[in-house]
Amino acid sequence: MKAPVSWIREYVALPDDLSVDDLTAKLTMLGLKLESITTPADAITGPLVVGKVLTIDKEPQKNGKVISWCTVDVGDANGTGEPQGIICGAHNFEVGDLVVVCLPGAVLPGNFEISARKTYGHISAGMICSERELGLGDDHAGIIVLPADAGAPGTDAFDVLGLDDPVIEFEINPDRAYALSLRGIAREAALGFGVPFTDPADREAPAPNGDGYSVIVDDPVGCPVFAARLVTGFDPTAPTPGWMAKRLEQAGMRSISLAVDITNYVMLELGRPIHGYDADKLAGPLRIRRAEQGESLVTLDGARRTLSPQDLVVTDDSGPIGLGGVMGGDATEMSEKSTRILVEAAHWDATSMFRTGKRHRVTSEAGKRNERGVDPQVVAVAADRVVELLVELGGATADAGVTLVGEAPAQPVTRIDYDLPARITGMAIESEDVVSILQAVGCRVDADADGVDVTPPSWRPDITDPYDLVEEVARVVGYDHVPSVLPPAPSGRGYTQAQKLRRRVGLTLAGAGFTELITYPFVGVADWEKLGFAEDDARRQTLWMANPLNAEEPQLTTTLLPGILRALGRNVGRGNDDVALFEHSLVFLPSGTESAPILGVERRPTEEEWAAITKAVPNQPLHLAVAIAGQRESAGWWGDGRVAGWSDAIGAVRDVARTLGVDLTVRAAAVAPWHPGRCAELRVGNAVIGYAGELHPKVCQAYGLPARSAAAEVDLEVLIEHAVEVVAGPRFSSYPVAKEDVALLVDASVPAADVEAALRDGAGELLEAIRLFDVYTGDQVGEGKKSLAFALRFRAPDRTLKEGEAAAARDAAIAVAAQATGAVQR
Amino acid sequence: MSGPNSEYDPVEVTPLRADQVEAMRDAALAAISDAADLDALKQVRIDHTGDRSPLALAKREIGALPPQARKEAGQRVGQARGAVNKALGERQGVLEAEHEERMLVTETVDVTLPTDRSQRGARHPITTLSERLTDIFVAMGWEVAEGPWVEAEWLNFDALNMGEDHPARTMQDTFWLEPSKAALVLRTHTSPVQARTMLTREPPIYVVCPGRVYRTDEIDATHSPVFHQIEGLVVDKGITMAHLKGSLDHMTEAMFGEGISTRFRPSYFPFTEPSAEMDMVCFVCRGENSEDCRTCRGEGWIELGGCGVVNPRVLISCGIDPEVYTGFAFGFGIDRMLMFRHNVADLRDVFEGDVRFAQPFGVEI
């Protein structure tokens, strides 16, 4: 909502020396959020004058453009009194029009200096300005054509255009719909500065009579008040006066025609949207009802709209002629020939307006106000104000008939105790202040010993609850008076174990050289293709968005791999050659068929209702993914580097498991998107928590990754659930250790983990630790074989091992390994 | 010097004469001090203390002496050997020290060589900033509550006093899930966690809820369809807006330093009444001579987010008696705070996963 300061001042006796900054500061503290303050003159240096176009020569150019070579009367402003020759690219004006001329020496917004210069074979001595060039708006479709009464040629255009008048733009919150009018903003200014307010709606509208245009309201809930007034003999050629055009422009609306401008002007002034019909195009009485199935309507914007039985429509004998309160119809629109105008001012049900606007995706100035709630007392007076202006400015005659159907609904009474505002805000507020503030806001207040019964003013449909009144009192007292007091310290239990462990996991991976990232969860079929997921892969079963940002990515991901691999590819593409990433994030698993119930809000949900909600919310487990490409260890003066690979991905998960004290079991697996021979299944107990390994060559290719890039993804929630909560204090022996090395020959297909498990199994209780320290394949062991070298450490808890004891245990281990895995000692 | 000898033996054994023993000792001491290195000293040790050294031979002679002479001769030889061994030990120490010094010199390396064998890792600054914020509240005794990202429509809107026709619903561009009858959304704010908390815990409630939220904004330098909020909720007896202000002032001071307090401007949110927008004093210019301040663009204040007293309607739908309890809530953007606190120019950097973004932030922020 844009409000020129001069217009605000018309209704409120603000001190003359009040600065616009002080005005907006006060209004901000009352709840009108400041968007911007614009004083166009600040960015412009004259001369900027009214010019009268004397001649226009259209001159086609070689580049296909047609330019206008104009002579413009600028009075004495150019010092000579001679017409000024100016080249202009626009064509929306005619000889005789008044335009805004910027003479050489002027500076326009953006430090654009105007000088006489040679162009298109003429000396163009200045510029005919558009709105955008003056910083008044975005309209660059044509130059500004001033109203005929704007002023004589050579008149300073600053005042004509209101360039010196600051325009305040507010962002109006839903509970302050009344401030979508100058009436409302001025009222707030009066409240803020404690000065008198002149209500522009304070006028006596003529009493309704039976002679007015016939209006039948079938749906008084949807349309509680409807006023109609007829004017005749309107001069459709009458121009919009300069003062009105200026204010409309300042408020961000274009001047269109007098009749339309008047309806817009009154809407800005009083907040009440007005519709004007060409009465000659109406057939029979107006009827307000809900639309019927199958009806349609072409609205003012030319769109044909299929109506819903929930839409409120204005009809005549021809059927629907307007989407009540939202947008008028094309067929009965006022035109440049209309002389008989039926003025409609009506109060509409806000909820219905909101739904219709949403259903038809219409946003209009009228709809914006009607769906937020307009003062229901300002219906007849708004119609009367329009009639007054049509008569005054358009030479029309007001018809004696006055139609007014229905009456404004009564405002509900809300009671508060005197101490409520203080109890809620923590500010010291006396009972008398509560009364006087609520009265100043416009409420009717019936006070008794404990509190007040408050009837809010008609323009405040938002006030329905005691706390709404608290806010009214608080904002007038001033939020800056709220003291700063720490609440009593609660006895919190700190972070949960899971929250602490998540942090520990992040620190572990960061310490291991991985960098965390955050990706978007939006995916589509292309991602599944790149990952090589089969059609029936469970991970392709996802939740879908109804309104995705990108139609190619309508799914919510079940896996972190698409995001992290995209990011890995992006890093590699940007020359970050050696990159290790991790992400921990929720993934979205498809839900069942249950819908989440929309419950009431008057009470707490029952246990069953709550269960239904929690059941319908899809399972969203916390996953962890790592991805790695390039060198894990760099080459340098110390020697060669080491290219990252499958073992780094598994290793990262092992690091995390170790940090959590979880035993991780690793088995071979073949799952997309991993290399089928280099993919590990990761288990905790019997639960598969994820996979890790080298990415399939096709996947590397698809994501632009170097060969051997690796990744892992696990369910972090399960890992964290299995985390050791209390570490058992270790007991260890101080007797000497006995070390035995073992080299075993097995088939290449035998997992080392199996051999290790068998050795562990056979070695007995004296075994303290076992570690695989070498794997050898090659000529010395023969085709299809590998040699695994293990270091075994033996120790007894209570004594020094006897000669040969460790060797015997080692032999026992080898025997079990031989039996279990076919291992042969080398 | 031999003492009186009752059993006079006219033959004094030659090698055990005092002057001879002293000569042997002096020869050994001279050799020791002449030994230039450990190898030479080793030879000196063999020559002067070995089995065939004069002093060793002299010691062997002692047995041949008459008993009366043995004691004195033994003392004489023993003292000489002691002196030699001591000198050897000392010389050994000196030479070893010299040797080590030389060795260490030869082992000198260029310590300015790079040591970057492995990559450095980092946590995402959104994660660490979120933790830093929750740390402040946890230190005050609050707890951290969390909730799902796909959320029931009722929890995201209705329970928070945003019914189907609430104008505020149009202020938030919501990702809806298919099918629409499922009544599920990607949560548009962290506020459903408020409702979940009130529905699953008894007051007093002191929680802070950080997390990811979603709105249908196309990504650009300052917008992202995925972003992060942190929300606070307190429900207890006797809670007022003053406690809200106190908690926020504490947070901004803990985060940005002494004197960085907040202010309220009246605003509107369906879930709070009265509602306010909160600003904090600009931590760069501190509101003084702020005209040129790029952080607050000359305002002296930085917009933080929204807050207010929990609307009793919300308490009611979550089963809390507003006659007994009052509460406050606040929420603000973590991404936005990251941007203004660390002068991050483009929000896209936060979500693109380029490692150069997160790495300078390390593991704490």
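Computed from a predicted structure; not experimentally measured.

Conventions and cut-offs
- Residues numbered from 1 in each chain as written.
- Chains lettered and ligands numbered in written order.
- Predicted model: local features only at pLDDT ≥ 70, side-chain atom pairs only at ≥ 80, totals over all residues.
- Heavy atoms only, no water.
- Salt bridge = Lys/Arg side-chain N within 4 Å of Asp/Glu carboxyl O.
- Helix = DSSP H or I, 4+ residues; strand = E, 2+ residues; numbered from the N terminus.
- Buried < 20%, exposed > 50% of the residue type's maximum accessible area, 1.4 Å probe, protein only.
- Pairing = 2+ DSSP bridges.
- Axes fitted to C-alpha atoms, helices over the stretch in contact; angles between N-to-C directions.
- Phe/Tyr/Trp six-rings, centres within 6.5 Å; stacked < 30°, edge-to-face > 60°.
- Patch = residues over 30% accessible without salt bridge, like charges linked within 9 Å, V, L, I, M, F, W, Y side chains within 5 Å.
- Areas by Shrake-Rupley, 256 points an atom, 1.4 Å probe, with all protein chains shown as cover.
- Lys, Arg positive; Asp, Glu negative; His and termini not counted.
- Charge placed at Lys NZ, Arg CZ, Asp CG, Glu CD.
- Parallel < 35°, antiparallel > 145°, perpendicular 65-115°, else oblique.
- Contact = heavy atoms within 4.5 Å.
- Nonpolar A, V, L, I, M, F, W, Y, C, P; charged D, E, K, R; others polar.
- Buried area = accessible area lost by both parts, 1.4 Å probe.
- Polar contact = N/O pair within 3.5 Å; in protein donor to acceptor, adjacent residues only side chain to side chain.
- Core = buried A, V, L, I, M, F, W, Y, C linked by side-chain atoms within 4.5 Å.
- Domains from an automatic or database assignment.

Enumeration over the complete set of coordinates arrives at 73 salt bridges over all chains. Across the pair Glu131 of chain B and Arg503 of chain A runs a salt bridge, and its minimum N-O distance is 3.3 Å. Placement of Glu131 of chain B in helix H5 (residues 125-139) and of Arg503 of chain A in helix H13 (residues 497-511) is noted, with the two residues assigned to different chains. The same class applies to Glu131 of chain B and to Arg503 of chain A, which are both buried. Close ionic contact of Glu151 of chain B with Arg196 of chain B constitutes a salt bridge, the shortest N to O distance being 2.7 Å. Highlighted residues: Glu151 of chain B in strand E2 (residues 150-152) and Arg196 of chain B in helix H8 (residues 191-200), separated in sequence by 45 residues. For Glu151 of chain B, a relative accessible area of 1% gives the class buried.

What follows concerns the sheet that holds strand E23 (residues 341-347) of chain A. Residues and elements named next belong to chain A. Strand order in the open sheet made by the four strands is E16-E23-E15-E24, with antiparallel pairing throughout. Lying at the two open borders of the sheet, with one neighbouring strand each, are strand E16 (274-278) and strand E24 (397-405). Neighbour-to-neighbour, the strand axes of this sheet turn through a mean angle of 20°, independent of strand direction. The pairing of E16 with E23 spans five bridges and is classified as antiparallel. Note that in E23 the partner of His275 across the bridge is Glu344.

Residue and element names in this part refer to chain B. Evaluation of the coordinates by the stated rule reveals 24 aromatic pairs over all chains. Each ring, one from Trp142 and one from Phe330, has its centre 6.4 Å from the other, and the planes form 50°; the classification is tilted. Of this pair, Trp142 sits in the loop between H5 and strand E1 (143-144) while Phe330 sits in strand E9 (residues 326-333), placing them 188 residues apart in sequence. Classification of Trp142 by relative accessible area gives buried; the value is 1%. Ring centres of Trp149 and Tyr214 lie 6.2 Å apart, and the angle between their planes is 55°; on these two criteria the pair is classed as tilted.

Turning next to a negative patch on the surface. A cluster of like negative charges, contributed by Asp42, Asp156, Asp159 and Asp164 of chain A, occupies part of the molecular surface. Relative to the helices and strands, Asp42 of chain A is located in the loop between strand E2 (33-38) and strand E3 (48-60).

Moving on, we get to the packing of helix H1 (residues 18-34) of chain B against helix H2 (residues 38-49) of chain B. Residues and elements named next belong to chain B. Their axes nearest at 9 Å, the elements H1 and H2 cross at an angle of 170°. As summarised for this structure, H1 and H2 are arranged roughly antiparallel, according to the angle between their axes. The segment H1 lies against H2, with Ala27, Ala28, Ala31 and Ile32 engaging Leu41, Val44 and His48. The residue makeup of the contact of H1 with H2, split by class, is six nonpolar, one polar and no charged.

Glancing now at the sheet that holds strand E14 (residues 215-217) of chain A. Residues and elements named next belong to chain A. Here we have five strands laid out as an open sheet, ordered E14-E17-E20-E21-E22, and mixed in their pairing. If you trace the sheet from one side to the other, it starts and ends with E14 and strand E22 (327-328), each paired once. As paired elements, E14 and strand E17 (residues 286-290) share three bridges and run parallel to each other. Considered in E17, the bridge of Val215 is made with Leu286.

This part is about the interface of chain A and chain B. With 101 residues of chain A at the interface, the matching set in chain B holds 106 residues. Note on chain A versus chain B: buried area summed over both sides is about 8,900 Å², and carbon and sulfur give 59% of it. Linking chain A with chain B are nine salt bridges, by the criterion used here. One salt bridge in this structure joins Arg493 of chain A and Glu143 of chain B, with 3.2 Å as the shortest N-O distance. Across the chain A-chain B interface, the total number found is 49 residue pairs in polar contact (both at pLDDT 80 or more). When residues in the side of chain A that touches chain B are grouped by element, the largest group, seven residues, is from strand E32 (residues 579-586) of chain A. The residue makeup of the side of chain A that touches chain B, split by class, is 52 nonpolar, 27 polar and 22 charged.

Moving on, we come to the nonpolar core. Core analysis: the largest hydrophobic core is formed by 160 residues, its most contacted members being Leu438, Leu682 and Leu719 of chain A together with Leu186, Phe264 and Phe330 of chain B. The contacts of Leu438 of chain A, once residues within four sequence positions are left out, are Ile416, Cys443, Val445, Val452, Val454, Leu469, Glu472 and Val473 of chain A. Ranked by size, the runner-up nonpolar core spans 58 residues in total, among them Leu182, Ala190, Ala201 and Ala382 of chain A.

Our focus in this paragraph is the domain arrangement of chain B. Domains assigned within chain B are domain 1 (14-106) and domain 2 (125-361). Measuring from the centre of the C-alpha atoms in domain 1 of chain B to the corresponding centre in domain 2 of chain B gives 87 Å.

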